[in-house]
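Summary of structural features
Now for the letters of each chain:
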Amino acid sequence: MRLGASVSAAAVELERPRDPAHGDVATNLALTLAKSLTQKPRAVAERLVAALELPQGLVREIAVAGPGFINFFLAEEQFASVVAAVLAAGARYGRSDAGAGKPVNVEFVSANPTGPLHVGHGRQAALGDAIAALLEWTGWQVTREFYYNDGGVQIVNLARSVQARIQELRGRTVPLPEGGYHGEYIREIGERYLARHLEDPEGADLEAVRRFAVRELREEQDRDLQALGVTFDVYFLESSLYASSKVEKTLRQLVAAGHTYEKDGAVWLKTTDFGDDKDRVMRKRAEKGGDYTYFLPDVAYHVDKWERGFSRAINVQGADHHSTVTRVRIGLQALDMGIPTAYPEYVLHQMVTVMKGGEEMKISKRAGSYLTVRELVDEVGRDAVRYFFLMRRGDSHLVFDVDLAKSQTEENPVFYVQMAHARMSGIFRVASRAPDAVVPQGADVGMLHQPEELELMKELAEFPAMVAGAAQALEPHRLTGYLEGLARITHAWYHKYRVLGEPEETARLVLAAAVRRVLGNGLGLLGISAPDRM
RNA sequence: GCGCCAGUAGCUCAGCUGGAUAGAGCGUCGGCCUCCGGAGCCGAAGGUCGUGGGUUCGAAUCCCGCCUGGCGCACCA
């Protein structure tokens, strides 16, 4: 083409217009070229269209519209072909390989073993697991990792809290330590400790109490995660960083790199050299116990991730911990090890408010001051919990409507999407056919011309790009939004047309199988069941 | 005071990395309906995208100021 400007293929942006009247694919190429050509965008568009050579049978119509968009209307056969593609790929439809098998570490939940998981952890568990799954779907080799801060003062507080409850059980009233844990579960741990440690009837052995309490709570958290259906590949203990001297080694390296100093008996890292607003203490002065602040083991931990070969690491955290982001990154920079400045990546999520009967649910019987994940799962079920935690952007506060999550109506988005899947399955049940065994051969999908049918095909075609986009942006909520949209068209189609006993039966069965497949793949990716009947 | 996040329909929220007339669900209003599978279907009204500037062919989206709300600003994690 001679236009007086050079255009590389990569610079040509194609998009799917919102408005169907603007075609199936559109490009703004003429608008971006107009300036350098000093011509009107529409004129440029006309020349582009005139010069365009496209393969036969691909496009039905090309139009120049609006300020200078070029809109392409695809031939209907193009839509029909996607149905065959879905069925051929089956459970793999939607997968791609942008990650090329490279390793990525996704760290999430990472709760201290000091109590049951609360609803904020639940959001994080759903989010982290979905992000991990999205990365797997786009070709990354994912490790799901849980980091236990089992080394700090809060663990000592936990042990002392249990000791205090043990004293109470022995008939003595002892005040809880400052910063202690108040939940009913602390007393339960005390009871179990007494039952199993007959050699220590007073709970005098603080170290034994600590070990027991941590193990009990880790098991409890495991049960919480099981209730959500979330599993991890690696449980990383902060204490192991001390055992392997990696914390000390990191400190030595930071000192050697010249970004530290001593003041008031404490060791500081000059984080201000890297843009922080004040320097941070790495080792407390002797009067404060002389041990490390959380910050140094955090840095050591990420060095460890890097050295384990994770050139990419993603941390899912509550936004209340966002101040750690810059500090951990600065710590890694100060080591001068060639770790990228944006390592690790962070996905921060806002708080969760749980509403029931128009009132906020805050208090848990067992945990005391906060509502636990398990209580929520018991109340509304795993699928609804996962879906509701995923259907909003992490950046926005999440209002969890328990009544809606429990409702068996189409107002409930989980129910709505699952129902679409169940309806597609129902057709096959009535037809006594196995939906997975349906093959496109012999079915003329091209005979389906109803607007809902073409819309369904377009939507099915979008799925892989949508998954890829959600994975790249680390935004699972795009997938829930997509599924609701697909379910909407599915319901509309289902209500308006019959499948069985119609002349289009064979073709529609193939379409139904493809729709069912994509709904199932999407739900499965998010860890939500896709029932065949409800 | 400083930093991060948010502010879009009455409510809950999308808006695909700067595109065309800003969308969905619920709620409201007006009509249908009982069908492979359930309170289902169709349509309508409803917006100064917090606010004031700026950048450009074009801004909810990018930049600056301000307002409101949330979360942080420890020798706690």
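Before going into details, it helps to say that this report is about the structure given with it. (Residues numbered from 1 in each chain as written. Chains lettered and ligands numbered in written order. Predicted model: local features only at pLDDT ≥ 70, side-chain atom pairs only at ≥ 80, totals over all residues. Heavy atoms only, no water.)

Before going further, it helps to examine helix H5 (residues 153-169). Helical geometry: 3.6 residues make up each α-helical turn, so side chains three or four residues apart lie on a common side. Compared with an ideal rise of 1.5 Å per residue, which puts 17 residues at 24 Å, H5 spans 24 Å between its outermost C-alpha atoms and is within 8% of the ideal. Burial analysis of H5 places twelve of its 17 residues in the buried class, the great majority of the element. Inspection of H5 places Gln154, Ile155, Asn157, Leu158, Ala159, Ser161, Val162, Gln163, Ala164, Arg165, Ile166 and Gln167 among the buried residues, and these make up the whole buried set. Those residues of H5 that are buried lie in contact with helix H6 (184-196) and helix H7 (206-228). (Helix = DSSP H or I, 4+ residues; strand = E, 2+ residues; numbered from the N terminus. Expected span 1.5 Å × (residues − 1). Buried < 20%, exposed > 50% of the residue type's maximum accessible area, 1.4 Å probe, protein only. Contact = heavy atoms within 4.5 Å.)

Looking at where arginine 144 falls in the secondary structure, it is placed in strand E6 (residues 141-148). Using a relative accessible area of 11% as the deciding quantity, one classes arginine 144 as buried. Polar contacts involving the side chain of arginine 144 include one to the side chain of aspartate 129, which spans 2.7 Å. Setting aside residues up to four positions removed in sequence, arginine 144 forms contacts with Val106, Phe108, Asp129, Ala132, Ala133, Glu136, Thr231, Phe232, Asp233 and Val234. (Polar contact = N/O pair within 3.5 Å; in protein donor to acceptor, adjacent residues only side chain to side chain.)

A few words now on the environment of threonine 38. Tracing the sequence through the fold places threonine 38 in the loop between helix H1 (29-37) and helix H2 (41-51). Overall, threonine 38 belongs to the exposed group, its relative accessible area being 71%. Sequence separation between threonine 38 and phenylalanine 73 is 35 residues; the distance between their C-alpha atoms is 28 Å.

Right, let's talk about the sheet that holds strand E4 (residues 69-74) for a bit. As summarised here, the arrangement of the four strands in space is E1-E2-E4-E3, forming an open sheet in which the pairing is antiparallel. Two strands in the sheet have a free side with no partner beyond their single neighbour: strand E1 (14-15) and strand E3 (59-65). Sheet topology note: the E1/strand E2 (residues 25-27) ladder contains two bridges and is antiparallel. Its bridge partner being in E2, glutamate 15 is matched across the sheet by alanine 26. (Pairing = 2+ DSSP bridges.)

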